[in-house]
Amino acid sequence: MRDSETMECMVKPEAPFSNLFASGSRWLRADFHLHTESDEQFLEVPEDVSFKKRWVGRLEEEDIRLGFVTNHNKFILNEYKALRKEARKRGIYILPGVELCVQGGKCGVHILIIFDPESWIFNRENADFINRFLNSAFSRLANRETKDKACDWTLSQALKELEGHRNHRRDSFV
């Protein structure tokens, strides 16, 4: 049995955004590189304001209507769901992603990967394929959340792994 948010996403993924492109096209402000509380990139949040309300509120203040959660080498499913739910209330579309550090250079090469939520998270299998992908990328390394900890793969290996997922109808872009 899926939770109500999962069912809502699978049945009507664009319902809150149905009027967004009523005229065919529209300029949107987007932020492709957002970190969250779990990435420890923020100062303390005042106790009287929840992190998700402050995070989404800041996007709203900047008129950002499309955001990509890209924490360093990790994806926290429940955190993403909470931020996505809060953002949907304000007409902001949030997509899951990761800032993956791959082999190369002195401290690795950071790439941003954005995942299709319907195939990577809200799927028939009810599986979190994003964390499966990350577990595979760091299969020989501990403490993957470290900002500059490079995974086991090079850039070309990471792209090949993503292509394997694409062959299973799980889309993403880098």
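Right above here is the structure, for reference.
Residues numbered from 1 in each chain as written. Predicted model: local features only at pLDDT ≥ 70, side-chain atom pairs only at ≥ 80, totals over all residues. Heavy atoms only, no water.

What follows covers the packing of helix 2 (residues 51–61) against helix 3 (residues 77–89). Each pair of packed helices can be described by the angle between their axes along with the distance between the axes. Contact geometry of helix 2 with helix 3 gives a least axis separation of 9 Å together with a crossing angle of 50°. Classified by the angle between their axes, helix 2 and helix 3 sit oblique to one another. Once helix 2 is placed against helix 3, the crossing between them reads as right-handed. Contacts from Phe51, Lys52, Lys53, Trp55 and Val56 in helix 2 reach Ala82, Leu83, Glu86 and Ala87 in helix 3. (Axes fitted to C-alpha atoms, helices over the stretch in contact; angles between N-to-C directions. Helix = DSSP H or I, 4+ residues; strand = E, 2+ residues; numbered from the N terminus. Parallel < 35°, antiparallel > 145°, perpendicular 65-115°, else oblique. Left-handed = near helix turned anticlockwise from the far one by under 90°. Contact = heavy atoms within 4.5 Å.)

With that settled, the discussion passes to helix 3. The terminal C-alpha atoms of helix 3, which comprises 13 residues, lie 19 Å apart, in line with the 18 Å expected from a rise of 1.5 Å per residue. Of the residues one or two after helix 3, Gly91 is the one with positive phi, at around 70°. (Expected span 1.5 Å × (residues − 1).)

Considering all chains together, one arrives at one cavity of 30 Å³ or more under this definition. Val69, Asn71, Lys74, Phe75, Ile76, Glu79, Tyr80 and Gly97 together form the lining of the largest cavity. A breakdown of the residues in the lining of the largest cavity according to their chemical character gives four nonpolar, two polar and two charged. (1 Å grid on protein atoms, 1.4 Å probe; cavity = no way out; pocket = protein on both sides within 12 Å on 5 of 7 lines; lining within 4 Å. Points joined across faces, edges and corners; volume = space filled by probe spheres on them. Nonpolar A, V, L, I, M, F, W, Y, C, P; charged D, E, K, R; others polar.)

Next up on the list: the nonpolar core. The biggest cluster of nonpolar side chains holds 33 residues, and the ones touching the most others in it are Trp55, Ile94, Leu100, Ile113, Phe115, Trp120 and Phe133. Of all elements in the fold, only helix 2, strand 2 (64–69), helix 3, strand 3 (93–102), strand 4 (109–115), helix 5 (129–137) and helix 6 (155–166) reach the threshold of two or more residues within this core. For this core, the element with the highest residue contribution is helix 5, accounting for five residues. If we skip the residues at most four places from it in the chain, Trp120 touches Phe115, Ala127, Asp128, Phe129, Ile130, Phe133, Leu162, His165, Arg170, Asp171 and Ser172. Counting five residues, the second largest nonpolar core, distinct from the first, contains Leu66, Phe68, Tyr93 and Ile114. (Core = buried A, V, L, I, M, F, W, Y, C linked by side-chain atoms within 4.5 Å. Buried < 20%, exposed > 50% of the residue type's maximum accessible area, 1.4 Å probe, protein only.)

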